[in-house]
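Architecture at a glance
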Amino acid sequence: MIGSRIAAVGHYQPARVLTNEDLAGMVETSDEWITSRVGIRTRHVAGPDEPVDELAAHAAAKALAAAGRAPAEIDLVLVATSTAIDRSPNMAARVAARLGMPGPAVMDINVVCAGFTHALATADHAVRAGGASRVLVVGADKMTDVTDWTDRTTCVLVGDGAGAAVVEACAPGEEAGIGPVLWGSVPEMGHAVRIEGTPPRFAQEGQSVYRWAATQLPVVARQACEKAGLAPEDLAGVVLHQANLRIIEPLARRLGAVNAVVARDVIESGNTSAASIPLAFSKLVEQGAVSSGDPVLLFGFGGNLSYAGQVVRCP
């Protein structure tokens, strides 16, 4: 089977920036309290007239432009999101319509914070199986739509945004640019991260998530490297779900990726759920922190206590 590769990436964030000082005027909190616990300093917030599919379409358009591809060349659109308010048309169909695509297959994937890496694996599998030749993969979430702004334990965490990747079939004989996925979940602990109710609200058991991430995920992340045939020290970059700097930095150290640039976009973007990995990855590429062909571990984790990771080659 022919493998796949990431041809280009792109990202988008709303213009409005909410600082820790702004939040201190809304709830009982402070810049010191927030930064010492989660490392976040700012986050971007979409307005009521900026729906999730608009964020996703902006990021997707940038990825398509970077890949030199027209929307009509895409035959499958996958959007990872957990903040779609309406059930149908789904986000993928809305994005396709915004971009003027003539008739791609359209699917949403809801695995919350691990959504993008699940969607990227699904795109890779579709290409390998011959079901698609060119796939648009988007992670987009408007977490501020599902946030209780009176709850200081959660409202300080979230932000809005989107990131996208164009996935294409490799040329015959070309080395695959998306490695095998390592994925799974802990269904009996799904209650630890929730978006439930009417209206839906984000809630989590922070200490349970922290203990799980700190104790279980380093082993899983190393296994993702092993499936790609690489040692952690071979990585040029590590992009973990941008949930909490106190999770990201220890996890990267325990992984042993001593030569890798570690994405810390959580500091300026907060937790953007399914958008966090493609958003942070796109910024590393844009900044030149990683080079074309470099191996980078993408590793999502969180909602459903799900995880998915793979090593990719930078576009």
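These notes cover the structure that comes with them. (Residues numbered from 1 in each chain as written. Predicted model: local features only at pLDDT ≥ 70, side-chain atom pairs only at ≥ 80, totals over all residues. Heavy atoms only, no water.)

Focus: the packing of aromatic side chains
Across all of its chains, the model carries one aromatic pair by this definition. Summarising the aromatic geometry, the rings of Phe 299 and Phe 301 are spaced 6.2 Å apart at their centres and angled 40 degrees between planes, so their arrangement reads as tilted. Both residues of the pair, Phe 299 and Phe 301, belong to the buried class. Cation over ring: Arg 152 sits above Trp 33, and NZ or CZ is 4.5 Å from the ring centre. Residue placement shows Arg 246 over the ring face of Tyr 210; its charged tip is 5.3 Å from the ring centre. (Phe/Tyr/Trp six-rings, centres within 6.5 Å; stacked < 30°, edge-to-face > 60°. Buried < 20%, exposed > 50% of the residue type's maximum accessible area, 1.4 Å probe, protein only. Lys NZ or Arg CZ within 6 Å of the ring centre and 35° of its normal.)

Some remarks on the sheet that holds strand β7 (residues 160-169)
Strands sit in the order β1-β7-β6-β4-β5 across an open sheet of five strands; the sheet is mixed. Single-partner strands in this sheet number two, and they are β1 (4-12) and β5 (105-109). Ignoring which end each strand starts from, the neighbouring axes of this sheet average 20 degrees apart. Bridging between strand β4 (residues 76-80) and β5 involves five bridges; their strand directions are parallel. The residue bridging Val 79 from the neighbouring strand is Asp 108, located in β5. Running at roughly 165 degrees to strand β6 (residues 134-142), helix α5 (residues 115-128) makes contact with β1, β4, β5, β6 and β7 of the sheet. Lying on the sheet, helix α10 (residues 276-287) is in contact with β1, β6 and β7; it crosses β1 at an angle near 95 degrees. (Pairing = 2+ DSSP bridges. Helix = DSSP H or I, 4+ residues; strand = E, 2+ residues; numbered from the N terminus. Axes fitted to C-alpha atoms, helices over the stretch in contact; angles between N-to-C directions. Contact = heavy atoms within 4.5 Å.)

Comments concerning the pattern of salt bridges
For the coordinates displayed, the defined rule picks out 16 salt bridges. Ionic pairing is found between Arg 5 and Glu 174, a salt bridge with its closest N-O pair at 3.7 Å. Of this pair, Arg 5 sits in strand β1 while Glu 174 sits in the loop between β7 and β8 (182-185), and the two are 169 residues apart along the sequence. As a salt-bridge pair, Arg 134 and Glu 168 come within 3.1 Å of each other at their nearest N and O atoms. With Arg 134 in strand β6 and Glu 168 in strand β7, the pair connects residues that are 34 residues apart, well separated along the chain. Among the charged side chains, a network of salt bridges with common partners joins Arg 5, Arg 69, Glu 73, Arg 134, Glu 168 and Glu 174. (Salt bridge = Lys/Arg side-chain N within 4 Å of Asp/Glu carboxyl O.)

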